[in-house]
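Descriptive structure summary
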Amino acid sequence: MPFIAPERNEPGNRQGFSANAAIQQHLGQKFTEFKTMMKGWSDFLEESGGQVVDGRAEHFSHAEAELRAALNDGAVCSDLSYRGLIAAQGPDADLFLQGQLTCDVQRATLDHSILGAFCSPKGRALACLRLFRREDAVYLELPQELVEPTLARLRKYVLRAKVTLEDASHRLVRFGVAGPHAEAVLTNQFGAIPEAINSVIHTTGEWSDITVIRLPGITPRFELHGPLPVMQGLWAALDSTVTFTGAEPWRLLDILAGIPTIYPETVEAFVPQMINLDALDGINFRKGCYTGQEVVARMHYLGKLKRRMYVARMDGENPPRPGDALFSPQADASQSAGRIVDAAKHPDGGYAVLAVALIECAEQGVLHLGDAQGATLKLEPLPYPFDPAD
């Protein structure tokens, strides 16, 4: 919901009563819009065969096949309702965000999307964000569960800045299209697609007003944001050319692409370099100050990073969860060997995970989930370079 500084409501201040009433009416209207849009989309997904839980498609009756389709020839279309949006608008929006996020906000243009993090004063990531622009707003994409906590923290820094911060999850429907045929599928619908990683187009014509972002990954991937009616129409038009899925296959593709997500379980668990945001162009070390900048910069210029994020596979009956601890016999007993960042089932068995771990233990030792008897993590190559010596 938008943040508006309330007037003082002193006895006899009819203007204060009127202003508070207007604020409550505005917030109520936005909440109604959110419920209406989400119900319209979730009802549509159910009508399309989705198994919907809490407004999000878990799967479309064939969970295992959908997971396998994400890595096979063809294309998948994944509901991304589990992702939320914050919109920043106003004359000071860019300046305000520049003082809060690790990335250079000015590089988020109508044609280009970027990753970044919002940190605590101690330099720990509170949220990992994808930034993109539509019209006069900068959108921050993150897990739905973190929208309100992140808004609450950001609003503490607004002060006199002319910026409006709002839960904008109700404004746009979100889904992703990925796979070897994804480029052809979307080109057939739009006539053109973003060519470079992180580039953006805004569609016109039959499917107008859709923001299309090309994401990094082991296979072509695109994230789409648009108004409810046009997104319903596009989803239906894709029916014969894609496999519809819930969130799990998309999380798997994010993991294999080495793209981190901060969940409630991992808030303040990592500094941005630990989750490879420097390798993903999500930290600008030349911009001015931002919340947590001193710690992040000191790690870059003066410190030696001891932990990095890795892609790994693991077996085991117990599914790994974000925040789960790692064990290594090579680690000092006084410190943890690492933590799980994200995890998803892999169609070939077991799980694919992103894990932040002590570099020495990961590259010269062995990592287990939980304790010495836990499942062993088998490291796989990251799809982008980083120098462990940094």
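Residues numbered from 1 in each chain as written. Predicted model: local features only at pLDDT ≥ 70, side-chain atom pairs only at ≥ 80, totals over all residues. Heavy atoms only, no water.

1. Focus: the environment of Gly74
To keep things clear, this is the line we draw: In DSSP terms, a helix is any run of H or I states spanning at least four residues, a strand is any run of E spanning at least two, and both are numbered starting from the N terminus. Two residues form a contact once any of their heavy atoms are found within 4.5 Å.
Along the chain, Gly74 falls in the loop between α2 (63–69) and β3 (76–79). Through-space distance from the C-alpha of Gly74 to that of Ala182 is 7.3 Å; in sequence the pair is 108 residues apart. Ignoring anything within four residues of it in the chain, the contact list for Gly74 reads Ala178, Gly179, Pro180, His181 and Ala182.

2. Remarks on helix α6 (residues 228–237)
Let me state the cut-off plainly: Type-normalised accessible area, obtained with a 1.4 Å probe on protein chains alone, sets the label of each residue: buried when under 20%, exposed when over 50%, and partly exposed for intermediate values. Each C-beta atom gives one direction from the helix axis, and the arc is the one those directions make.
Those residues of α6 that sit buried are Leu228, Val230, Met231, Leu234 and Trp235. With its buried residues spanning 165° around the axis, α6 presents them on a single face.

3. Focus: the nonpolar core
Rules: Buried residues of nine kinds, namely Ala, Val, Leu, Ile, Met, Phe, Trp, Tyr and Cys, make up a nonpolar core once their side-chain atoms join them within 4.5 Å.
Core analysis: the largest hydrophobic core is formed by 77 residues, its most contacted members being Leu101, Leu131 and Leu140. Ranked by residues supplied to this core, first place goes to strand β17 (residues 351–358) with 8 residues. If you look at the next biggest cluster of nonpolar residues, it comprises 29 residues, including Ala57, Leu186, Val230 and Phe244.

4. Considerations on the pairing of strand β7 (residues 137–143)
Stated formally: What makes two strands pair is DSSP finding at least two bridges between them.
Taking burial as the measure, the 7 residues of β7 include 7 buried ones, the bulk of the element. Where strand β4 (residues 83–89) and β7 come together, 6 bridges link them in antiparallel fashion. Within β7, the position partnered with Ala87 by the bridge is Tyr139. One ladder, built from 5 bridges, connects strand β6 (residues 125–134) with β7; its direction is antiparallel. The residue bridging Arg130 from the neighbouring strand is Glu141, located in β7.

5. Details of the sheet that holds strand β5 (residues 114–119)
Our working definition: A fitted line through C-alpha atoms serves as each axis, taken over the contacting stretch for helices, and the angle formed by two N-to-C directions is quoted from 0 to 180°.
Taken together, the 5 strands give an open sheet; going across it, the order is β5-β6-β7-β4-β8, and neighbouring strands pair in antiparallel fashion. Every other strand in the sheet has two partners, leaving β5 and β8 (164–167) as the edge strands with one partner each. Each neighbouring strand pair of the sheet contributes to a mean axis angle of 30°, computed without reference to strand direction. Helix α4 (residues 147–155) rests against β4, β5, β6, β7 and β8 of the sheet, and its axis sits at about 170° to β8.

6. Notes on the packing of aromatic side chains
Condition: Aromatic rings from Phe, Tyr and Trp, taking only the six-membered ring of Trp, are treated as a pair when their centres fall within 6.5 Å; an angle between ring planes under 30 degrees marks them as stacked, one over 60 as edge-to-face, and anything in between as tilted.
By the definition in use, this model includes 9 aromatic pairs. With a centroid separation of 6.2 Å and an interplanar angle of 10°, the aromatic rings of Trp41 and Phe175 are classed as stacked. Here Trp41 is found in helix α1 (residues 14–47), whereas its partner Phe175 is found in strand β9 (residues 173–178), with 134 residues between them in sequence. On the accessibility criterion, Trp41 (1% relative accessible area) is buried. Classification of Phe175 by relative accessible area gives buried; the value is 0%. For the pair Trp235 and Phe244, a centre-to-centre distance of 4.4 Å together with 10° between the ring planes defines the contact as stacked. Residue Phe244 is classed as buried on the basis of its relative accessible area of 11%.

7. Remarks on the side chain of Arg174
For clarity, the cut-off: Think of it this way: Lys and Arg go in the positive column, Asp and Glu in the negative one, and His and the chain ends go nowhere. The salt bridge definition used is simple: a Lys or Arg side-chain nitrogen within 4 Å of an Asp or Glu carboxyl oxygen. Definition of a polar contact: a pair of N or O atoms within 3.5 Å, with one able to donate and the other able to accept a hydrogen when the atoms are protein atoms, and with sequence-neighbouring residues admitted only if both atoms are side-chain atoms.
Among the structural elements, Arg174 can be located in strand β9. There is no salt bridge for the buried Arg174, and the closest opposite charge comes from Glu141, which lies 5.7 Å off by N-O distance. Polar side-chain contacts of Arg174 include one of 2.4 Å to the backbone oxygen of Leu172. Not counting the four nearest positions on each side in its chain, Arg174 is found in contact with Asp79, Leu80, Ser81, Arg83, Leu85, Gln144, Ser169, Leu224, His225 and Met231.

8. A look at the environment of His59
Along the chain, His59 falls in strand β2 (residues 56–59). Taking the relative accessible area as the measure of exposure, His59 reaches 25% and is therefore partly exposed. Distance in space between the C-alpha atoms of His59 and Pro249 is 9.4 Å, their sequence separation being 190 residues. Those residues within four positions of His59 in sequence are excluded, and the remaining contacts are Gly49, Gly50, Gln51, Glu66 and Gly246. A polar contact of 2.9 Å, which involves the side chain of His59, links it to the backbone nitrogen of Ser61.

9. Topic: helix α5 (residues 182–190)
When we look at burial in α5, the residues that qualify are Ala182, Val185, Leu186, Gln189 and Phe190. Taken end-on, α5 shows its buried residues confined to a sector of 110°, consistent with a single buried face. The exposed set on the far side of α5, more than 90 degrees from its buried face, consists of Ala184 and Asn188. In this structure, the buried residues of α5 make contact with β9, β11 (211–215), β12 (221–226) and α6. Backbone geometry just after α5 places Gly191 at a positive phi near 90°.

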